[in-house]
Amino acid sequence: MCAGILATFAVTLIFKTSYTTNFAQGVISAIGAYVAVELSMKNGYPIWMVAIVGVLVAFIVGVAIDVLIFRNGRYVNSLGKQIITMGLISIIIGVIPFIFSVAKMEAVPAFPFIHLTQGLQIGEIFIQYNTIIGVAITIILLAAVFLLLQKSKWGLSVRATASNEIVAGMMGINTKVITAISWGIAGAFGAVAAIIYIGNVTLSNGYVMTTTQINAFLAGILGGFATFHGPVFGAVIIYGLNILVGCLCIHMPELSTWKSAIVYLIVMLLVLWKPQGLFGKKLVKKV
Amino acid sequence: MSNRMNKYLSDSLLKQESERQGAELWGKLIKRPTFSFAVFAVVMILIQALSKAGLIGSSFVNAVGSTLIFCIVGLGFCLLLGYSALASLGTAGFIAIGSYSAYYCLAEWGLTIGIGFIVAILFAVVIGIAVGYISLRIEGIYLAIVTLGISEIIKELLSALCDTIKIKGTQITLLGIESIKLKTDVIYYGIVVILFILMFVTQNLMNSPTGRAMLAMKNSTSAAQAFGVSLMKYRLMAFTISIIYASIAGFMYMLYIRYVSNSMGNLFTLSMSLNVLGAVIIGGMKSIWGTIGGMFIIYGIDQMFLQDIPFFNENPTFITLFCGILVIVVVMFYPGGLAQLALELKYKLASRKQKIKEGIYGKDLG
């Protein structure tokens, strides 16, 4: 869930600053996870260190993608940009086995911060330390980023770029730098999400973050891409629904196959009711 | 004497006239796109025939067969992407629908091919309209997101239903008659025929008012609306058609390959959707021949030749990487793709010919 919320923010940031849905978000974050796992398994570095290195690498990859590709392709229309990000998926998926020896393994075991058997016992509920750390990181990161967005000069520039890139440029904002840093931050957030995510699941291939990414996009549609907080709330709603339906499935086991389909259906009905998203505004385009 | 002479002259004139008309007819026929499609189909059938004669290896024919199946998917995608500027990432899921309907209708319920075919198309239509109606109401670019989600869910559901699907040769019967069993080579001919029909249909659709409405919509939604083109109707139409094509391809895939193991999530993955997209982009989005060329580059070359080279066999992701790079390069620098390249080469060749002619006979001053 934490991973999902972080990934949602990353997707939203890129949607706002680059006007495209970044399909490569999942694989960029997977690179971060692979760097971390590779370093840790080969050299035995402590997890904090490799996590930071992984996040940094994802940041650099994000910036590189913007500088090398999107800066040169500004005049490509929105469909073209979407397709470029789809092409990026193919490239990264193709590159991963050449760089990381871990990727040749069948499946890498789960990679938690603290071993999964350790945790807090409160009454009947057992909470893993790993989960607590994940939640803490998510809350700190999100709080920091929203504070920066609202209060800092950087946040103001990002919001200005998001609302209108050309006018923002006229007002003396270096939109190129803002966009590049947004891509970097999105990559870094994705990497954090991926590293939290692989604490519980096995890292089998580059598509490890696909489900998270789909949920992130759905959250964006549900909350409406018009605001920064809308998608984050959307993500909370989607994961809440997942847990609810999951509870329902405990009583009716035959439903469990249909779990994600049910959640998807509910989200789609909500979107049918509010096409601009729960927090969205209708955008009117002048011709 | 003169009468006979006259008769002879008029006869020869008539003969010449009829010959000229015949040649004109022939020229017209050659220029029709359908003719080139037919030639393509005949060549594809010849490949199978040559393999029966033992001149071509059967693995080559199999590679061609599965590439042709993907060509069917590509045609639908070409209509969606090139004519209405919508991208879908759910292709793999929609192909899976076709395959699973083939499996359930033929192997589990013992129905005939015709009924299975109709069931596959019906499923495609229902899903296409439901998914399209919701996602296209919001905005065009959301279609890719929603289809990506739908595809993952379809995959999950289907592999929960039945992990490995397999059809025995004895279960593929025509018209329910036990004695008429269709072998793989007959299915191959079926694929070629279906591809030919769909090429013909697509070509006509592209040149019909529908195709023009879609093009208008692609170039400017506002202008198209001003001309009375209903965005929802035509987008939904393009999307549903592309799903129907994918479903048909999935159906034929199941009949041809006859075995799909979905346990590792190997086949109907995002990679497949991306490869189809890549092939259509590389081919040049709007052209039927471009799409087929793109498919042969992405799937054909890989399966026909590269599988035998150890480097490519050990690194199967290399072709994915190559496809991704090509897609980005084409989108950024050469949006026309392969079709554009062919056209430019043709012009260049024509101007070269002209120059050579001028070199020999001198410049045409008229």
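Residues numbered from 1 in each chain as written. Chains lettered and ligands numbered in written order. Predicted model: local features only at pLDDT ≥ 70, side-chain atom pairs only at ≥ 80, totals over all residues. Heavy atoms only, no water.

## A look at the overall build of chain B
What counts is decided by this rule: Helix and strand labels come from DSSP, where a helix needs a run of H or I of at least four residues and a strand needs a run of E of at least two; each type is numbered from the N terminus. Residue burial is assigned from relative accessible area. The probe radius is 1.4 Å, only protein chains are included, and a residue is buried under 20% of its type maximum, exposed over 50%, and partly exposed in between. Two residues qualify as a contact provided that any one of their heavy atoms is within 4.5 Å of a heavy atom in the partner residue. His is not counted, nor are the chain ends, whereas Lys and Arg count as positive and Asp and Glu as negative. Charge coordinates come from a single atom per side chain, which is NZ of Lys, CZ of Arg, CG of Asp or CD of Glu.
A count of helices and strands for chain B gives 15 helices and two strands. Its C-alpha atoms give chain B principal-axis dimensions of roughly 90 × 55 × 45 Å. Per-residue burial over chain B gives 49% buried out of 366 residues. A fraction of 79% describes how many contacts in chain B between residues 6 or more apart in sequence connect residues 24 or more apart. On chain B, the mean spot of the 27 positive side-chain charges and the mean spot of the 17 negative ones are 9 Å from each other.

## Topic: the interface of chain A and chain B
Cut-off, in case you're wondering: By definition, the buried area sums, over both parts, the 1.4 Å-probe accessible area that each loses when the two are put together. The salt bridge criterion pairs a side-chain nitrogen of Lys or Arg with a carboxyl oxygen of Asp or Glu, the two atoms within 4 Å. What qualifies as a polar contact is a pair of N or O atoms within 3.5 Å, subject to a donor-acceptor requirement within protein and to the restriction that residues adjacent in sequence count only when both atoms come from side chains. In this count, Pro and Cys sit with the nonpolar residues alongside Ala, Val, Leu, Ile, Met, Phe, Trp and Tyr, while Asp, Glu, Lys and Arg are called charged and the others, Gly among them, polar.
If you look at the interface, chain A gives 43 residues, while chain B gives 41 residues. Here chain A meets chain B over a buried area of about 3800 Å², counting both sides, of which 81% is carbon and sulfur. Three residues, I83(A), F98(A) and Y264(A), lead the burial of chain A against chain B; their summed loss comes to 14% of the area buried on that side. Where chain A meets chain B, there are zero salt bridges. The interface formed by chain A and chain B holds four residue pairs in polar contact (both at pLDDT 80 or more) in total. Mapped by element, the contributors of at least two residues to the side of chain A that touches chain B are α4 (78–99), α9 (210–223) and α11 (259–273) of chain A. For the side of chain A that touches chain B, the leading source of residues is α4(A), giving 17 residues. Residues belonging to the side of chain A that touches chain B are distributed by class as follows: 29 nonpolar, 12 polar and two charged.

## Notes on unusual backbone geometry
Most peptide bonds adopt trans geometry, and most residues besides glycine take a negative phi value. All names here are of chain B. Positive phi values are uncommon outside glycine, yet A85 reaches one of about 55°. With respect to the helices and strands, A85 occurs in the loop between α3 (58–84) and α4 (91–108). A positive phi is found at M285, a non-glycine position, where the angle reads about 50°. Mapped onto the secondary structure, M285 falls in the loop between α11 (270–283) and α12 (288–304).

## Thoughts on helix α14 (residues 318–333) of chain B
The following threshold applies: Given the number of residues in a helix, its expected span is that number minus one, multiplied by 1.5 Å.
Under the 1.5 Å per step criterion, the end-to-end length of α14(B) is 22 Å for 16 residues, consistent within 8% with the ideal 22 Å. For α14(B), the full list of buried residues reads I319(B), T320(B), L321(B), C323(B), G324(B), V327(B), I328(B), V330(B), V331(B) and M332(B). Check the buried side of α14(B) and you find it contacts α3 (47–70) and α4 of chain A together with α11, α12 and α15 (337–361) of chain B.

## Notes on the packing of aromatic side chains
Residues and elements named next belong to chain B. Using the following cut-off: Two aromatic rings, drawn from Phe, Tyr or Trp (for Trp, its six-membered ring), form a pair once their centres lie within 6.5 Å of each other, and the interplanar angle then sorts them: stacked below 30 degrees, edge-to-face above 60, tilted otherwise.
What the rule picks out here adds up to 19 aromatic pairs over all chains. Each ring, one from Y103 and one from Y104, has its centre 5.1 Å from the other, and the planes form 70°; the classification is edge-to-face. With a relative accessible area of 8%, Y103 lands in the buried category. Residue class for Y104 comes out buried when judged on its relative accessible area of 18%. Note on Y104 and W109: the rings are 5.8 Å apart at their centroids and 40° apart in plane angle, and the pair reads as tilted.

## Section: α3(B)
All names here are of chain B. The condition that has to hold: Fitting one axis to the seven residues ending at a residue and another to the seven starting there, the bend at that residue is the angle between the two axes.
Look at α3: 39 Å from first C-alpha to last across 27 residues, which is about the 39 Å you get at 1.5 Å a residue. Of all the bends in α3, the greatest, near 30°, is centred on F77. Counting buried residues in α3 gives 23 out of 27 residues, a clear majority hidden from the surface. At the exit of α3 stands A85, carrying a positive phi of roughly 55°.

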